[in-house]
Amino acid sequence: MAASDNEKSRLDEAARAGWLYFIAGHTQNEIAKMLQISRASAQRLVSLCLAERLITFRLEHPIAACMELAARLKDLFHLVYCEVVPTDPAAPLSAAGIAERAANILELKLRTEKPTILALGTGRAVRAAVERVSPIDCPNHQIVSLVGNISADGSASFFDTVGRLADRTKARHYPMPLPFLMSSAGERDQMLKIDPIAKVRAVAAKADLRLIGIGQMDQRAQVHVDGFVTRQELLEMMRLGAVGELTGWAFDAQGRIIKGGTNARLTSIPPQIPAAALTIGAAVGPAKVSAIGAALKGRLINGLITDEATANAILKQ
C-alpha cells in the first residue's frame, strides 16, 4: 500500500475515533472495544483527530455524515452492525467502498484465535471483498458457501467466493456443489438429503458470520443476468411480489420469504428469521434500495454495509 494510502486510512480511523469520542460521547475504553484496538491506540487516534484538525466544533471529515447515517439505520432497524461509506461521485454504483469495509470485518474474524466459521454468499460485492482480504494463514477457521453455484447450463458462477477466500487464508472450506435450482421441489429435497450436502449445511448452520449480497428482482436482477434463473422464472417471482433476494431466496416488500416459484426449488441455505448469527448484507445503488429496505424490515439481516446515497434513500422510504 502506498504511503498516501496508509495516511488516508490512518486519517479515516482517526476521524472514526474522533466522532465516537467527541460527538457520540464514548470513552476511550469503549472506542477501543468498538474498533477492536488497544486503549492506547484509541487514545492516539483521538489525539491525531485533533492534531489534524479533523474536528473543531464538529467533525470536518466526510466519514462523520456516514457514521451518523449508520447510527440512524442501526437504531431504526435494531441492527447489530452497520457501516456506511462515502459515495464516490465519479462512480456512484461502485462497490469498492463497501467491499473494503466488508474485507475489514472478514479480516477481523479471520485474525481471531478462536476457531471461526464464515458463511459466504455470492455476488459482486462479496467477491470484491474477498479479493481485498490480505493473505493470512488461519487453518483453524472454516469457510462455507450458503448457495449452490452451478447454473442451468452446468457452468459455475464467476462470483463464487468460498474457494477464493480459502486460497488466501488456507482455511478449510466447504463449497455447495449443487445447481442453484433443481427441476422440482421433490428433486431438491432428495439432493439435500445426500450426506456430504447435509454436512455442508450443518457447518453453515453454525456460522459465526454470514456475509451476503442483496439483489434486486427486476429486469436487471443479477440472478437472471448471471444465468441462474430464466426470464420466465424471474417474471413469475415478480408477479408473486418479489422485490429482492438473498442467496436466491426471493422476498416481498415486507421482507417475507415468498412461497412457491423458484424458492420451492432453491438449494441455498435459507435465511434465519429473524437473523440470529451476525448476518451482514452488502449492497449499494438506487436499484437495490427497495430490496435492502425490505430485507431490513423483515429482519432477514442484522447487519448492513452500504454507501451514503443508498443509506439516505433507505431512510427516506
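Attention in this report is confined to the structure presented alongside it. (Residues numbered from 1 in each chain as written. Predicted model: local features only at pLDDT ≥ 70, side-chain atom pairs only at ≥ 80, totals over all residues. Heavy atoms only, no water.)

1. Re the packing of aromatic side chains
Tallied over the full model, the rule gives two aromatic pairs. Look at Tyr 21 and Phe 22: their rings are 4.9 Å apart centre to centre, the planes differ by 85 degrees, and that puts the pair in the edge-to-face class. (Phe/Tyr/Trp six-rings, centres within 6.5 Å; stacked < 30°, edge-to-face > 60°.)

2. Comments concerning the pairing of strand E9 (residues 303-307)
The element E9 is largely enclosed, with a buried count of five among its five residues. Where burial is concerned, the two faces of E9 agree: the one with Gly 303, Ile 305 and Asp 307 and the one with Leu 304 and Thr 306 are both buried. Of the pairings in the sheet, the one linking strand E1 (residues 81-85) to E9 comprises five bridges and is parallel in character. In the strand pairing of E9, Tyr 81 is matched with Gly 303. Pairing geometry for strand E8 (residues 278-282) and E9, over three bridges, is parallel. Of the residues in E9, the one forming a bridge with Ala 282 is Ile 305. Crossover handedness for the path E8 to helix H12 (residues 289-297) to E9: right-handed. (Buried < 20%, exposed > 50% of the residue type's maximum accessible area, 1.4 Å probe, protein only. Helix = DSSP H or I, 4+ residues; strand = E, 2+ residues; numbered from the N terminus. Pairing = 2+ DSSP bridges. Right-handed = clockwise from strand over helix to strand, strands pointing away.)

3. Some words on the pattern of salt bridges
According to the stated counting rule, one finds 12 salt bridges in the structure shown. A salt bridge links Arg 111 to Glu 107, with the nearest nitrogen and oxygen atoms 3.5 Å apart. Residues joined in a network through salt bridges with shared partners are Arg 16, Glu 83, Glu 100 and Arg 101. (Salt bridge = Lys/Arg side-chain N within 4 Å of Asp/Glu carboxyl O.)

4. So, the state of the cysteines
Under the defined criterion, the tally for this structure stands at zero disulfides. Cys 49 takes part in no disulfide bond, and the closest cysteine sulfur to it belongs to Cys 66, at a distance of 15 Å. Between Cys 66, a free cysteine, and Cys 82, which holds the nearest cysteine sulfur, the sulfur-to-sulfur gap is 10 Å. Residue classification places Cys 66 among the buried positions, given a relative accessible area of 0%. (Disulfide = S-S within 2.5 Å.)

5. Regarding the environment of Asp 88
Structurally, the position occupied by Asp 88 is in the loop between E1 and helix H5 (96-110). Between the C-alpha atoms of Asp 88 and Asp 195, which are 107 residues apart in sequence, the distance is 46 Å.

6. Quick word on the environment of Leu 118
Relative to the helices and strands, Leu 118 resides in strand E2 (residues 117-120). For the pair formed by Leu 118 and Ile 314, sequence separation is 196 residues and the distance between their alpha carbons is 27 Å. Residues within four places of Leu 118 in sequence aside, it is in contact with Leu 106, Lys 109, Leu 110, Gln 142, Ile 143, Val 144, Leu 165 and Leu 209. (Contact = heavy atoms within 4.5 Å.)

7. What about a nonpolar patch on the surface?
Taken together, the side chains of Tyr 21, Phe 22, Ile 23 and Leu 50 present a nonpolar region at the surface, about 340 Å² in accessible area. Ranked by the residues each element gives to the nonpolar patch, the list is headed by helix H1 (residues 3-23), at three residues. Inspection of the secondary structure assignment puts Tyr 21 in helix H1. We classify Tyr 21 as partly exposed; its relative accessible area is 32%. (Patch = residues over 30% accessible without salt bridge, like charges linked within 9 Å, V, L, I, M, F, W, Y side chains within 5 Å. Areas by Shrake-Rupley, 256 points an atom, 1.4 Å probe, with all protein chains shown as cover.)

8. A look at unusual backbone geometry
Residues Ile 273 and Pro 274 are joined by a peptide bond in cis, for which omega reads -5 degrees. Position of Pro 274 relative to the elements: it lies in the loop between strand E7 (249-251) and E8. At Gln 36, a residue that is not glycine, the phi angle is positive and equals roughly 55 degrees. As for its placement among the helices and strands, Gln 36 is situated in the loop between helix H2 (28-35) and helix H3 (39-51).

9. Here's the deal with the packing of helix H6 (residues 124-131) against helix H7 (residues 162-169)
Where H6 meets H7, the closest approach of the two axes is 9 Å, and the angle between their N-to-C directions is 10 degrees. The angle between H6 and H7 places the two elements in the roughly parallel class. Contacts from Arg 127, Val 130 and Glu 131 of H6 reach H7 at Arg 164, Leu 165 and Arg 168. Split by residue class, the contact of H6 with H7 holds two nonpolar, no polar and four charged. (Axes fitted to C-alpha atoms, helices over the stretch in contact; angles between N-to-C directions. Parallel < 35°, antiparallel > 145°, perpendicular 65-115°, else oblique. Nonpolar A, V, L, I, M, F, W, Y, C, P; charged D, E, K, R; others polar.)

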